[in-house]
Amino acid sequence: MKRRDFIKSVAIGLGGLLIPADKSDASLWETFFQKYFREMTPEEKKNIAKRLEKEYKEKTGVSINIKTNEALPGVKYGYGLDLSRCIGCRRCVYACVTENNLSRKPQVQYITVLEFKNGEKWVSDLEESKKYYKHDEVPAPGHFYMPVQCQQCDNPPCVKVCPTKATWKEPDGIVVVDYNWCIGCRYCMAACPYGARKFNWAEPTVPPEQFNPNTHYLGNRPKFNGHVEKCTFCIQRTRENPGRYPACVEICPVGARKFGNLLDPESEISQCIEKKRVFRLKEELNTNPSFYYFFSL
Amino acid sequence: MRHKLIVAAALALFVIAAGIASAEDALPKLTTTTPPFTEGIFPCTACHASMPPNKEKRTLSFHTEIQLKHGDNWCLNCHDAANRDMLHMANGDLIPFEKLYQVCGQCHGNIYRDWKIGIHGKRVGYWNGDKTYYLCVNCHDPHSPKFKPLKPLPVPAGPKEIMKIKGTVPVVIEDKKLYVPEYDK
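Residues numbered from 1 in each chain as written. Chains lettered and ligands numbered in written order. Predicted model: local features only at pLDDT ≥ 70, side-chain atom pairs only at ≥ 80, totals over all residues.

**Student:** Would you mind going over the overall build of chain A with me for this structure?
**Tutor:** Broken down by element type, chain A carries nine helices and 12 strands. Radius of gyration (C-alpha) of chain A: 21 Å, near the 19 Å computed for a compact globule of 297 residues. Each principal axis of the C-alpha distribution contributes one length, and for chain A these read about 75 × 45 × 40 Å. Taking all 297 residues of chain A together, the buried fraction comes to 42%. A separation of at least 24 residues holds for 65% of the contacts in chain A among residues at least 6 apart in sequence. (Helix = DSSP H or I, 4+ residues; strand = E, 2+ residues; numbered from the N terminus. Rg over C-alpha atoms; globule rule 2.2 N^0.38 Å. Buried ≥ 20, exposed ≤ 12 C-beta atoms within 10 Å, placed from the backbone. Contact = placed C-beta atoms within 7 Å.)

Next up, the structure:
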């Protein structure tokens, strides 16, 4: 026996021993030997989705649908946020929590709404911002608001640092995470300059009756303890054809949120970029975000 | 030969015209919502038909719930005295309530321009399909258009409090159910 073959068989043997023998049902084996998502055929992706649907059904008794559909051709998503209009009401935060099945306890939220005093130093320095502002009514006089979420960078630092390639940029511009491939090292959280990535510090809980059954493998499917997740522009809604607007866009009471195809010159987002003064957050870091803040006044 | 050419040209034109028509059909449709009338208030002619119009600017004895805080305006600047179920432009053209953005756009031209291309205002529906546009009056009270402050939804949990959550309660906003946390005191 060659030395190389010996090491190989020892490694395979040890790997086999790691699988808990007492609950080695088919599902566990399939999870353990699941292929890398980007190398799967559409058929294999569907089978994985079916397995996850079955697992969720067994766990909670609720049927859900996990889609694995791919990016639409000729589409690059872009997002606009009108800082002249945002009033900091946090409706987007909870529309997102509800749509994306984010853990209620421990609390996970993709959108952070920051409050600034008028005239205060900002954008280059977010340290003066308040995340835990409490008011009876918003907008509080003398303040303005800036919601921050994943900026879907074209040069994403989070993707570069991932040691397992569990996160990548899709052809339509969405940076996604394969929760089954993520090992929870949180390098991406350290690399992201926007604080957009969130970690499940404990087993995420969503009451089954509150669970949104329309899910996508790369988006709001059931999640588990010890992995990172993030905003996907509501991939389960936007990647349909025709695709719905993200949940945060539809709930915004002031219409501050804009969404569309950057490659379509008539889309709302393209028009915003053309007609308004836009800026991208921390652009000097060369992250090249697809998220444009602008002022309509 | 000449006849054949004419027939061919006519056919070609027909095909092109059909192509243009189908391309237009394929464009996303843009619909608007309906104005949020107070229940039982519309049609206005239900009461006004039997009342002679009084065009004098005055404090009304009816419609007292309306506080007019919209520039130096007066009812009949927008509402039409002769046809109460319509609005009118500055030039007297009658406009139905469903197209009131034309009336608003007379003064707020820049906002109207932004609204038409999707920068101002709110759209719901499909980003690459049929969309519904919110009318000016779906967000702004036309009689007092400044946007009213809202009660914000709960503060997020601090870093040490992500497990100190009692449960979730539903909040209904625009027919959508959102789940917000209830914290341990």
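**Student:** What is the right way to look at the nonpolar core in this model?
**Tutor:** Where a protein is soluble and globular, its nonpolar side chains tend to be buried together. Tyr-79, Cys-92, Val-93, Ala-95, Cys-96 and Cys-248 of chain A are the most contacted members of the largest nonpolar core, which totals 66 residues. For this core, the elements supplying multiple residues, two or more each, are α3 (42–60), β2 (77–82), α4 (91–99), β4 (143–148), β6 (175–177), α8 (247–251), α9 (268–275) and β12 (291–295) of chain A. Take this core: its biggest share by element is six residues, from α4 of chain A. For Ala-95 of chain A, the residues in contact, after removing those within four places along its chain, are Ala-247, Cys-248 and Ile-251 of chain A together with Lys-176 and Leu-178 of chain B. If you look at the next biggest cluster of nonpolar residues, it comprises five residues, including Leu-87, Cys-104, Leu-135 and Cys-136 of chain B. (Core = buried A, V, L, I, M, F, W, Y, C linked by C-beta atoms within 7 Å.)

**Student:** Explanation requested: the interface of chain A and chain B in the structure shown.
**Tutor:** How big an interface is tends to be stated in terms of accessible area lost as the parts join. Contact with chain A, which involves 48 residues of that partner, is made by 35 residues of chain B. Of all the secondary structure elements, the ones that give two or more residues to the side of chain A that touches chain B are α4, α8, β10 (257–261) and α9 of chain A. Residues that form the side of chain A that touches chain B fall into these classes: 21 nonpolar, 13 polar and 14 charged. (Nonpolar A, V, L, I, M, F, W, Y, C, P; charged D, E, K, R; others polar.)

**Student:** Can you help me understand the sheet that holds strand β11 (residues 277–279) of chain A in this one?
**Tutor:** Strands pair in a sheet through their backbones, by hydrogen bonds, and they do so in one of two ways: parallel or antiparallel. Residues and elements named next belong to chain A. On the basis of which strands lie adjacent, the open sheet formed by four strands has the order β10-β2-β12-β11 and mixed pairing. Where the open sheet ends on each side, the last strands, each with one partner, are β10 and β11. Across the sheet, the mean angle separating the axes of adjacent strands is 30° when strand polarity is ignored. Judged from the three bridges that link them, β11 and β12 form a sheet pairing that is antiparallel. Along β12, the bridge assignment pairs Phe-279 with Tyr-293. Packed on one face of the sheet, α9 meets β2, β10, β11 and β12 and runs near 110° to β10. (Pairing = 2+ DSSP bridges. Axes fitted to C-alpha atoms, helices over the stretch in contact; angles between N-to-C directions.)

**Student:** Would you mind showing me how to read the sheet that holds strand β1 (residues 30–32) of chain B here?
**Tutor:** Residues and elements named next belong to chain B. An order of β1-β5-β4 is seen for the three strands of this open sheet, with the pairing classed as mixed. Looking along the sheet, the strands with just one partner apiece sit at the ends: β1 and β4 (123–125). Ignoring which end each strand starts from, the neighbouring axes of this sheet average 35° apart. Here three bridges tie β4 to strand β5 (residues 131–133), and the two strands are oriented antiparallel to one another. The residue bridging Gly-125 from the neighbouring strand is Lys-131, located in β5.

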